[in-house]
Amino acid sequence: MDRRDIEYQTRLCEKIYTNNNIWNSDWLNFNIDETLIVDNEKLNSLTHIITEEEVDKFFTDY
């Protein structure tokens, strides 16, 4: 089931869909490049289906 049509409302999830800031870093004396947080090229290369093997790792590794 492809659920990429759902847009979640958390700041981190919104970063994927928009160019919002994840946090306010105005008080710092340097800039944080938030574009480095989400790798859009990698995100676009992901498959729509999570394999059974990938899901099983959560049950066997923990």
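Residues numbered from 1 in each chain as written. Predicted model: local features only at pLDDT ≥ 70, side-chain atom pairs only at ≥ 80, totals over all residues. Heavy atoms only, no water.

How should I be thinking about the overall build of the protein in this particular structure?
On a plain count of helices and strands, the protein comes out with three helices and zero strands. When the elements of the protein are put in sequence order from the N terminus, they spell out α-α-α. Looking at the protein residue by residue over its 62 residues, the buried ones come to 10%. Look at the contacts in the protein between residues 6 or more apart in sequence, and 30% of them connect residues 24 or more apart. (Helix = DSSP H or I, 4+ residues; strand = E, 2+ residues; numbered from the N terminus. Buried < 20%, exposed > 50% of the residue type's maximum accessible area, 1.4 Å probe, protein only. Contact = heavy atoms within 4.5 Å.)

Got a minute to help me understand the environment of isoleucine 22 in this structure?
Among the secondary structure elements, isoleucine 22 is positioned in the loop between helix H1 (11–17) and helix H2 (40–45). Taking the C-alpha atoms as reference points, isoleucine 22 and glutamate 34, twelve residues apart in sequence, are found 7.6 Å from one another. Discounting chain neighbours no more than four positions away, the residues touching isoleucine 22 are Arg11, Leu12, Lys15, Glu34 and Ile37.

Where do I start with the side chain of serine 25 in this structure?
By secondary structure assignment, the location of serine 25 is in the loop between H1 and H2. Those residues in contact with serine 25 that sit more than four places away from it in its chain are Phe30 and Ile32.

It is not clear to me how a nonpolar patch on the surface should be interpreted in this structure. Could you clarify?
On the surface, Leu12, Trp23, Phe30, Ile32 and Ile37 cluster together into a nonpolar patch covering about 470 Å² of accessible area. With respect to the helices and strands, the residue isoleucine 32 is situated in the loop between H1 and H2. A relative accessible area of 32% places isoleucine 32 in the partly exposed class. (Patch = residues over 30% accessible without salt bridge, like charges linked within 9 Å, V, L, I, M, F, W, Y side chains within 5 Å. Areas by Shrake-Rupley, 256 points an atom, 1.4 Å probe, with all protein chains shown as cover. Salt bridge = Lys/Arg side-chain N within 4 Å of Asp/Glu carboxyl O.)

Even after reading the chapter, I still don't get the confidence of the model for the protein, so can you show me in this structure?
In low-pLDDT segments, the atomic positions of the prediction should not be examined closely. Across the protein, the average pLDDT comes to 77, with 89% of residues at or above 70. Mean pLDDT values over the elements of the protein span from 76, in H1, up to 82, in H2. (pLDDT = per-residue confidence, 0-100.)

I'm lost on a negative patch on the surface in this one. Help?
A contiguous patch of negative charge, built from Glu52, Glu53, Glu54 and Asp56, is present on the exposed surface. Position of glutamate 52 among the secondary structure elements: in helix H3 (residues 52–60). On the basis of relative accessible area, glutamate 52 is assigned to the exposed category, the value being 62%. (Lys, Arg positive; Asp, Glu negative; His and termini not counted. Charge placed at Lys NZ, Arg CZ, Asp CG, Glu CD.)

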